[in-house]
Amino acid sequence: MIQAAVFGYGTVGSGVVQVLEENKKEIAVRAGEGIEVKYILDLRDFPGDPYESKVVHDVNTILEDSQVKIICETMGGVEPAFTFSKKALERGISVCTSNKELVAAHGPELLQLAKENKCNYLFEASVGGGIPLIRTINYSLTAERIESIMGILNGTTNYILTKMAKEGADFDVVLKEAQAKGYAEKNPEADVEGYDACRKIAILSSLMSRKTVQYEDIYTEGITKISAQDFVYAKKLGRSVKLLAMSKKTETGYVAMVAPVMLQDSHPLFGVNDVFNAVFVHSNMLDDSMYYGRGAGKLPTASAVVSDVVDCARHLGKTVTCIWENEKQELEDYQNLPWKFFVRVPADAKDKAMSLFGDATLIEALPDEVGFMTAEMTEKAFNNLVKELPEMITRIRVNI
């Protein structure tokens, strides 16, 4: 019987214990041996919980127990998760995590520690919840040169944008509803400003480039400026607005960004709604492939953590290959990417806008204003033009 421990007995941590217990027979068959939770690390006590006897408050109780071979780190945040994970790996204990903040900040360092100590640092659940993305890149697409990754990586924002599209509601109204249903945090900044998706695409970009893409270097724009009026135009165009996290290989390097984008109804990501996530990958031999499922939630995320636990159990004393070097991957200027742009201006600025943008396509949908779609151009060229159009109400990038 392989002994494991769980760091953090919150939503995901309790889900990990539940998955390991409810699916123990299937897990034992796939791991080649049974897996049992010996300890649960948390600052709190859980009187009445079926696993209260396993709760400990001192991390050293776990780290100094030679029977513990695998740790599930579901604490969230960088500290103390980083310090605890580092100490575990130094002792040859494998760590499986759902902690995107930690992976984005210290992934290559922890992977190197795991390699030096013949154990594993696995992070399938850190991106896309229960969708098998990391393992797909590391295992299934090893014969490929991945050229681009584009995805909906945040369920909260996708739920909000879906409700806005279907009901014509404003952002603030839908955000409050999402908070009431538990889909959005009391402080939703990390989701609605795009920071959560940014960390996730930083991880995927690092695996794609095999170097370290720092999330601080990724241009990130959230959804707080998207309005019900934008969806009136989008519907007329047969499009919808999604918050996309994108990474692309260029001739000279890589470019990455997070931003709302208008997608046409023929795009595979157009129909990804509510709290679901999806990632669209283009590689040079397989061409296009897409991975879809629940990107968050207690059991989907816990299932991904446990899939890593099984992988660790299969490779005790061995390190699973994951190529992610500490060398920094510099990013190209996102402003050199080509887009079309959807723009709204007051009706009395119509002639000025059309003269500036030439062959733009006019869209009339609301009184007292007009919308138009530009021809294809780089972001840099667009920004230079709109300096002459201070009347602009808003702009949204349009996928070509």
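Preceding this section is the structure that the text describes.
This write-up is about the structure you can find in this document. Fair warning: this is a prediction, and the values are worked out from it, not measured in the lab.

Turning next to the packing of aromatic side chains. Enumeration according to the criterion identifies 11 aromatic pairs in this entry. Ring geometry for Tyr121 and Phe123: centres 6.2 Å apart, planes at 40°, overall tilted. For the pair formed by Tyr121 and Phe123, the shared burial category is buried. Residues Tyr219 and Tyr334 carry aromatic rings whose centres are separated by 4.2 Å and whose planes lie at 10° to one another, so their mutual orientation is stacked. A residue pair is termed long-range when its members are at least 10 positions apart, and Tyr219 in strand E8 (residues 219-220) and Tyr334 in the loop between helix H12 (298-314) and strand E13 (338-346) qualify at 115 residues. The exposure class of Tyr219 is partly exposed, given its relative accessible area of 23%. Tyr334 sits in the buried class, given a relative accessible area of 18%. Put simply, the rings of Phe341, Phe357, Phe372 and Phe382 touch in pairs and so form one group of aromatic residues.

Relative to strand E12 (residues 287-294), strand E11 (residues 276-283) is paired through 8 bridges, and the arrangement is antiparallel. By the bridge assignment for E12, Phe276 is matched with Arg294. Connecting the antiparallel pair E11 and E12 is a turn made up of 3 residues.

Structurally, the position occupied by Glu369 is in strand E15 (residues 369-373). At 2.8 Å, the side chain of Glu369 forms a polar contact with the side chain of Tyr233. Polar contacts involving the side chain of Glu369 include one to the side chain of Arg344, which spans 2.7 Å. What Glu369 contacts, discounting residues up to four positions off in sequence, is Tyr233, Arg344, Val345, Pro346, Ala347 and Ile393.

What counts and what doesn't
- Residues numbered from 1 in each chain as written.
- Predicted model: local features only at pLDDT ≥ 70, side-chain atom pairs only at ≥ 80, totals over all residues.
- Heavy atoms only, no water.
- Phe/Tyr/Trp six-rings, centres within 6.5 Å; stacked < 30°, edge-to-face > 60°.
- Buried < 20%, exposed > 50% of the residue type's maximum accessible area, 1.4 Å probe, protein only.
- Helix = DSSP H or I, 4+ residues; strand = E, 2+ residues; numbered from the N terminus.
- Pairing = 2+ DSSP bridges.
- Polar contact = N/O pair within 3.5 Å; in protein donor to acceptor, adjacent residues only side chain to side chain.
- Contact = heavy atoms within 4.5 Å.

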